[in-house]
Amino acid sequence: MKINFKLNGSNVTVDVVPSKRLLDVLREDLHLTGTKEGCGEGECGACTVLVDNRPINSCIAPIANIANKEVITIEGFRETKAYRVIADAFADMGGSQCGFCTPGMILATYAVLRDNPHPTEEEARIALSGNLCRCTGYQAIVNAVLKASEKGIKL
Amino acid sequence: MINHYVPTSLNDALKYLSTHDCYIMSGGTDLMVQKHVSSLVLPRFDKDVLYVGELKELQYIKEDKDGNILIGAETKYADLLLSPIVPEIYKTVIKEIASPNIRNMATMVGNIGNASPAGDSLVPLILNDAEVVLKSVNGERVLKVSEYILGVKKTARKNDEIIVEIRLLKQNLRYLYRKVGARKAESITKVSCLVGYQIKEKKLIDFRVAFGSVGVTIIRNLEIENKYKNIEVKDLDVDRVISDYYQLVTPIDDQRSNKEYRHKVAMNLLRKFLLELKGGIDE
Ligand SMILES: Cc1cc2nc3c(=O)[nH]c(=O)nc-3n(C[C@H](O)[C@H](O)[C@H](O)COP(=O)(O)OP(=O)(O)OC[C@H]3O[C@@H](n4cnc5c(N)ncnc54)[C@H](O)[C@@H]3O)c2cc1C
Ligand code: FES
Ligand code: FES
């Protein structure tokens, strides 16, 4: 079935089975491999993308549910000013080690700061609770979120 | 051959359902996990799939003239949390379901349809006598959520029906709620307990108890509740209430927890809440 949606600002059409996971459409059909697959079951957030500006887990999103929506992946988000602020904060605070969780963490951080520009440490932790990291032990990531919040992500 | 159908309207969906036995896909956060195979492999469905999750006409939250809140079935948890008219007790429960990402995708109707004893929203829905509206090409019927869910993964849905609306009936209760999981956020419930009550002139005029994850469905017992209605709050015998619920709570062992732990925590939560209820009377 043909499904249209907007991806990082451009219209795209894919011809796939409606149950195909958005994650597989992005990585296989559209060759955007910035979005990662960790658990494949909705639990780790490595596959986070923004759909109509809200973070979702693309590994459990059937492409049928994405029709006519606007998807932003880490490749598209890289072009924004907010990305610069968040990525610098991650670099400064050591919020990324192997980097596998980082695309998801960065998009989740953006969503947190957009809804709550000055979160407490506890609020930041709760907001990122769906994004797992095997390397950093989380403190460095939370520090990065707080640092990005200090600078402010001008939208 | 498995068909996948993406309807353009509710009527279109109902017509399809009238001739096909299918899975109804809302947010997919249960179904896509249950049918998942591996990366780059399509989820394995053994019958047709109907995608209703993005039907705009089923995404609304409104209040009727009696103060009941009507929720379009395809409304996401995130939108329920943002709504000023959704009762606080539902928000309290929803905030502890999964993670922000999942709450942007998942629906309460999916929680009901999945009919798991660990479905967190089922606890306030059943305690508050919430209803679902089922629709088919032949008409409409209304069931209580407690009547819709028949057992683990078993519901009263007929093949041609779909839930189109959830009705949160107006209540004047105060609540005590606690979900116990493996960690603070994003964990499946091991045990949950919700007590709802109303006190008037030192009398307990309404008293309800529901437990999640400790039986084949959410546990609630009207006979026990009625025994304690209209008594003076100071006469509420905590040990007697606990012994009434003791046999009813029948948890199982699974990968998340064992039955002894679950039973003990369920009873401890109930005791704590009953003491709070009694202690709060002079406030
Ligand atoms: C990482 C993770 C964490 C989770 N944590 C929790 C948690 O803490 N608490 C909790 O309760 N759940 C949790 N869940 C489970 C799930 O997110 C919820 O049950 C959610 O409410 C399902 O909604 P959905 O829209 O995604 O359902 P779907 O997967 O689309 O559907 C679920 C079931 O409902 C049926 N259904 C869907 N729509 C309708 C309809 N309109 N009419 C009739 N039947 C219908 C489907 O056929 C299916 O059987 C978690 C899931 C994941 C992946
Ligand atoms: S890969 Fe999607 S949540 Fe883990
Ligand atoms: S940096 Fe390695 S998983 Fe997070």
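Not measured: the values here are computed from a predicted model.

## Topic: helix α11 (residues 259-279) of chain B
Residues and elements named next belong to chain B.
And step 1. Under the 1.5 Å per step criterion, the end-to-end length of α11 is 30 Å for 21 residues, consistent within 8% with the ideal 30 Å.
And step 2. Of all the positions in α11, only R262, H263, V265, A266, M267, L269, L270, F273, L274 and L277 are classed as buried.
And step 3. On its buried face, α11 sits against β11 (174-180), β12 (191-200), β13 (203-212) and α10 (238-246).
And step 4. Two or three places before E260, at the start of α11, stands the capping residue N258, its side-chain oxygen 3.3 Å from that residue's backbone nitrogen.

## A short note on the pairing of β13(B)
Residue and element names in this part refer to chain B.
And step 1. Within β13, eight of the 10 residues are buried, leaving the element largely enclosed by the surrounding structure.
And step 2. Alignment of β12 against β13, held across nine bridges, turns out to be antiparallel. Following the sheet pairing, Q198 is matched in β13 by D206.
And step 3. If you look at the hairpin formed by β12 and β13, you'll find two residues sitting between the two strands, and E201 has a positive phi there, around 45°.
And step 4. Bridge analysis of β13 against strand β14 (residues 231-232) gives two bridges, and the strand direction is antiparallel. If you follow L204 over to β14, its bridge partner there is I231.

## A short note on the site of ligand 1
And step 1. The immediate surroundings of ligand 1 are formed by 36 residues, with S26(B), T29(B), D30(B), Y77(B) and T107(B) found nearest.
And step 2. The residues that come close to ligand 1 belong to more than one chain, namely chains A and B.
And step 3. Between ligand 1 and S26(B) there is a distance of 2.6 Å, counted from a nitrogen atom to a side-chain nitrogen or oxygen.
And step 4. Between ligand 1 and G28(B) there is a distance of 2.8 Å, counted from an oxygen atom to a backbone nitrogen or oxygen.
And step 5. Within the complex, the protein chains bury 93% of what would otherwise be the 1000 Å² of accessible surface of ligand 1.
And step 6. When contributions to the shell around ligand 1 are tallied by element, the ones reaching two or more residues are β2 (22-25), α2 (31-34), α6 (108-114) and β10 (162-168) of chain B.

## Concerning the domain arrangement of chain B
Residue and element names in this part refer to chain B.
And step 1. As far as domains go, chain B holds domain 1 (4-168) and domain 2 (174-278).
And step 2. Computed from C-alpha coordinates alone, the two centres of domain 1 and domain 2 are separated by 26 Å.
And step 3. Listed per partner, the contact involves 22 residues of domain 1 and 19 residues of domain 2.
And step 4. Summing the contributions of domain 1 and of domain 2, the shared interface buries around 1800 Å²; its carbon and sulfur component is 64%.
And step 5. When the area that domain 1 buries against domain 2 is broken down by residue, the three leading residues are P117, V123 and L127, summing to 35%.
And step 6. Remark: the boundary between domain 1 and domain 2 carries three salt bridges.
And step 7. Along the contact surface separating domain 1 from domain 2 lie nine residue pairs in polar contact (both at pLDDT 80 or more).
And step 8. Elements supplying a minimum of two residues to the side of domain 1 that touches domain 2: α4 (88-95), α7 (122-127) and β8 (149-151).
And step 9. The dominant element in the side of domain 1 that touches domain 2, judged by the number of residues it contributes, is α7, at five residues.

## Focus: the nonpolar core
For soluble globular proteins, the rule of thumb is that nonpolar side chains tend to be buried together.
And step 1. Core analysis: the biggest nonpolar cluster contains 68 residues, and F5(A), I112(B) and L125(B) have the highest contact counts within it.
And step 2. Per-element accounting of this core gives the leading share, five residues, to α7(B).
And step 3. Excluding residues that lie within four positions of it along the chain, F5(A) makes contacts with S10(A), N11(A), V12(A), V14(A), V25(A), L30(A), I63(A), I66(A), N68(A), K69(A) and V71(A).
And step 4. If you look at the next biggest cluster of nonpolar residues, it comprises 29 residues, including V191(B), C193(B), F207(B) and V238(B).

## Concerning the packing of aromatic side chains
And step 1. Considering all chains together, one arrives at six aromatic pairs over all chains under this definition.
And step 2. With a centroid separation of 6.1 Å and 85° between ring planes, the pair formed by F77(A) and Y83(A) is classed as edge-to-face. Neither residue differs from the other here; F77(A) and Y83(A) are each classed as buried.
And step 3. Relative to Y110(A), the ring of F77(A) lies with its centre 4.9 Å away and its plane at 55°, an arrangement referred to as tilted. Placement of the pair is F77(A) in helix α2 (residues 74-77) and Y110(A) in helix α4 (residues 102-115), with a sequence separation of 33 residues. Each member of the pair, F77(A) together with Y110(A), is buried.
And step 4. Three or more aromatic residues joined by ring pairs make a cluster, and in this case those are F77(A), Y83(A) and Y110(A).
And step 5. If you follow K62(B) out to its NZ or CZ, it ends over the ring of Y60(B), 4.6 Å from the centre.

## Re the sheet that holds β13(B)
And step 1. The four strands are arranged β11-β12-β13-β14 (chain B) in an open sheet whose pairing can be described as antiparallel. Of all strands in the sheet, those bounded by a partner on one side alone are β11 and β14 of chain B.

## Things to note about the sheet that holds β2(B)
Note on sheets: strands pair through backbone hydrogen bonds, and any given pair is parallel or antiparallel.
All names here are of chain B.
And step 1. Strand order across the open sheet formed by three strands is β1-β3-β2, with parallel pairing between neighbours. The sheet is open, and its two edges are formed by β1 (4-5) and β2, each paired on a single side.
And step 2. Here two bridges tie β1 to strand β3 (residues 48-51), and the two strands are oriented parallel to one another. Looking at the pairing, H4 lines up with V49 of β3.
And step 3. In the packing of helix α1 (residues 10-19) onto the sheet, contacts are made with β1, β2 and β3, and the angle to β3 comes to roughly 165°.

## Observations concerning the interface of chain B and chain A
And step 1. If you look at the interface, chain B gives 32 residues, while chain A gives 30 residues.
And step 2. Buried surface at the junction of chain B and chain A, summed over both partners, amounts to about 2600 Å²; 58% is from carbon and sulfur atoms.
And step 3. Sorting the residues of chain B by area buried against chain A places M32(B), L40(B) and N101(B) first, and these three jointly supply 21% of that buried surface.
And step 4. Seen at the junction of chain B and chain A, the total is two salt bridges.
And step 5. Note that R54(A) and D79(B) form a salt bridge whose closest N and O atoms lie 2.7 Å from each other.
And step 6. Across the contact surface, chain B and chain A share nine residue pairs in polar contact (both at pLDDT 80 or more).
And step 7. The set of elements that each furnish at least two residues to the side of chain B that touches chain A consists of α2, α3 (77-82) and α5 (100-103) of chain B.
And step 8. Residue composition of the side of chain B that touches chain A, by class: 16 nonpolar, 11 polar and five charged.

Definitions and limits used
Residues numbered from 1 in each chain as written. Chains lettered and ligands numbered in written order. Predicted model: local features only at pLDDT ≥ 70, side-chain atom pairs only at ≥ 80, totals over all residues. Heavy atoms only, no water. Helix = DSSP H or I, 4+ residues; strand = E, 2+ residues; numbered from the N terminus. Expected span 1.5 Å × (residues − 1). Buried < 20%, exposed > 50% of the residue type's maximum accessible area, 1.4 Å probe, protein only. Contact = heavy atoms within 4.5 Å. Polar contact = N/O pair within 3.5 Å; in protein donor to acceptor, adjacent residues only side chain to side chain. Pairing = 2+ DSSP bridges. Near = heavy atom within 4 Å. Areas by Shrake-Rupley, 256 points an atom, 1.4 Å probe, with all protein chains shown as cover. Domains from an automatic or database assignment. Buried area = accessible area lost by both parts, 1.4 Å probe. Salt bridge = Lys/Arg side-chain N within 4 Å of Asp/Glu carboxyl O. Core = buried A, V, L, I, M, F, W, Y, C linked by side-chain atoms within 4.5 Å. Phe/Tyr/Trp six-rings, centres within 6.5 Å; stacked < 30°, edge-to-face > 60°. Lys NZ or Arg CZ within 6 Å of the ring centre and 35° of its normal. Axes fitted to C-alpha atoms, helices over the stretch in contact; angles between N-to-C directions. Nonpolar A, V, L, I, M, F, W, Y, C, P; charged D, E, K, R; others polar.

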